[in-house]
Amino acid sequence: MNSAPTSHDGLELRGITVRFGGQMAVNHLSLSAPWGRLTGLIGPNGAGKTTTFNVCSGLLKPSSGHVVLGGRDVSRLGPAARSRRGLGRTFQRMELFDSLTVAENLGVGREAHLAGSNPLRHLWSTPRERADTRRRVDDALVRCGLEGVADEIVGLLSTGRRRSVELARVIAGGSRLVLLDEPSSGLDSTESKGFGEILRSLVEQDGMGILLVEHDMELVMSVCDYLYVLDFGTLIFEGTPAEVHDSDIVRAAYLGELATHEEAGGVETVDLTETTGVR
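Enquirer: Any chance you could explain the pattern of salt bridges here in plain terms?
Expert: Note that side chains of opposite charge can pair when their charged atoms are close. All told, the structure shown has 10 salt bridges when counted by the stated rule. Close ionic contact of arginine 143 with aspartate 139 constitutes a salt bridge, the shortest N to O distance being 2.9 Å. Of this pair, arginine 143 and aspartate 139 both sit in helix 4 (residues 127-143), separated by 4 residues, roughly a single helical turn. As a salt-bridge pair, aspartate 225 and arginine 200 come within 3.2 Å of each other at their nearest N and O atoms. Of this pair, aspartate 225 sits in the loop between helix 7 (217-223) and strand 9 (226-231) while arginine 200 is found in helix 6 (residues 189-206), placing the two residues 25 residues apart along the sequence.

Put into structure tokens, the structure is as follows:
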């Protein structure tokens, strides 16, 4: 794994601040998610992770700061324009066409990328573009291990398969940098492990960049090269998974023996070593 942050082209946030009225949701956040690295963004609920993703993808305009993609400032561009420049995203709640097949869902991802903002392009495509779509769909199916279910209806698949379909659709669309928001939600341990293996393959073999928001700490610690930790919208730590594991700051804020959360019968203490598998 690549353990150190680099200045490679990819996604950068520079001094991002987001305020909702008088409340500070994200406080002067800077981070980088270069191509060829799997970067994690973690923190407790309400830390500002999804708000940060909304800023990255263009769904939310920050109060101040800049978003840079591939060395270009895209702060003024909307989600569609950022997508055409190679930025893809999945959401906590899967957004798939349940009545279509797996291959058809992936084709929609590529066709949307080609159509862009031109309404006429939504009505027709050239033979060359249709061939390109088929090629990219076939490639994404293989890369995400879905070639055996290409003709199956998405709504009939397991949650794990559907998560893979969502990732494959982003890949088919031509994204080089992908934002993944809680992709292991609803997956069992076996499915999470398989999903993590797909992510590592995309980074190591294809040079993609991934920015991952995830609460499954076993998955985070096993697949990420570098981590950023948010708490109340502020970056409190960054480093390799091993460095995050050993940080007293992170333990106190979120992960370790001092981190507690209320359960129905009382308060449960979270042991970092048991949660992550890193010792």
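Back to the write-up after that little detour.
Enquirer: Looking at this structure, how should I read the packing of aromatic side chains?
Expert: Geometrically, a pair of aromatic rings is defined through the distance of the ring centres and the angle of the planes. Applying the stated criterion across every chain yields a total of 1 aromatic pair. Here the aromatic rings of tyrosine 226 and tyrosine 228 are separated by 5.4 Å at their centres, their planes lie at 70 degrees, and the arrangement is edge-to-face. The same class applies to tyrosine 226 and to tyrosine 228, which are both buried. The lysine or arginine in question, arginine 176, covers the ring of tryptophan 35, its NZ or CZ lying 3.8 Å from the ring centre.

Enquirer: What am I meant to see in the sheet that holds strand 4 (residues 64-69) here?
Expert: Consider a sheet: its strands pair through backbone hydrogen bonds, and that pairing is either parallel or antiparallel. Across the sheet, which stays open at both edges, the 4 strands sit in the order 2-1-4-5 with antiparallel pairing between neighbours. The open sheet has two free edges, formed respectively by strand 2 (23-34) and strand 5 (72-73), since each of these has just one partner strand. Helix-sheet contacts for helix 1 (residues 49-57) involve strand 1 (10-20), strand 2 and strand 4, and the interaxial angle to strand 1 is about 120 degrees.

Enquirer: Where do I start with the sheet that holds strand 10 (residues 234-239) in this structure?
Expert: Strand order in the open sheet made by the 6 strands is 6-7-8-3-9-10, with mixed pairing throughout. Each edge of the sheet is formed by a strand with only one pairing partner; in this case those strands are strand 6 (87-89) and strand 10. Each adjacent strand pair in this sheet contributes to an overall mean axis angle of 20 degrees, direction not counted. Note: strand 3 (residues 38-42) against strand 8 (residues 209-213), 4 bridges, orientation parallel. Counterpart to leucine 38 in the pairing with strand 8 is isoleucine 210. The strands that helix 6 touches are strand 3, strand 7 (177-181) and strand 8; relative to strand 3, the one it contacts most, it runs at about 130 degrees.

Calculation criteria
- Residues numbered from 1 in each chain as written.
- Predicted model: local features only at pLDDT ≥ 70, side-chain atom pairs only at ≥ 80, totals over all residues.
- Heavy atoms only, no water.
- Salt bridge = Lys/Arg side-chain N within 4 Å of Asp/Glu carboxyl O.
- Helix = DSSP H or I, 4+ residues; strand = E, 2+ residues; numbered from the N terminus.
- Phe/Tyr/Trp six-rings, centres within 6.5 Å; stacked < 30°, edge-to-face > 60°.
- Buried < 20%, exposed > 50% of the residue type's maximum accessible area, 1.4 Å probe, protein only.
- Lys NZ or Arg CZ within 6 Å of the ring centre and 35° of its normal.
- Pairing = 2+ DSSP bridges.
- Contact = heavy atoms within 4.5 Å.
- Axes fitted to C-alpha atoms, helices over the stretch in contact; angles between N-to-C directions.

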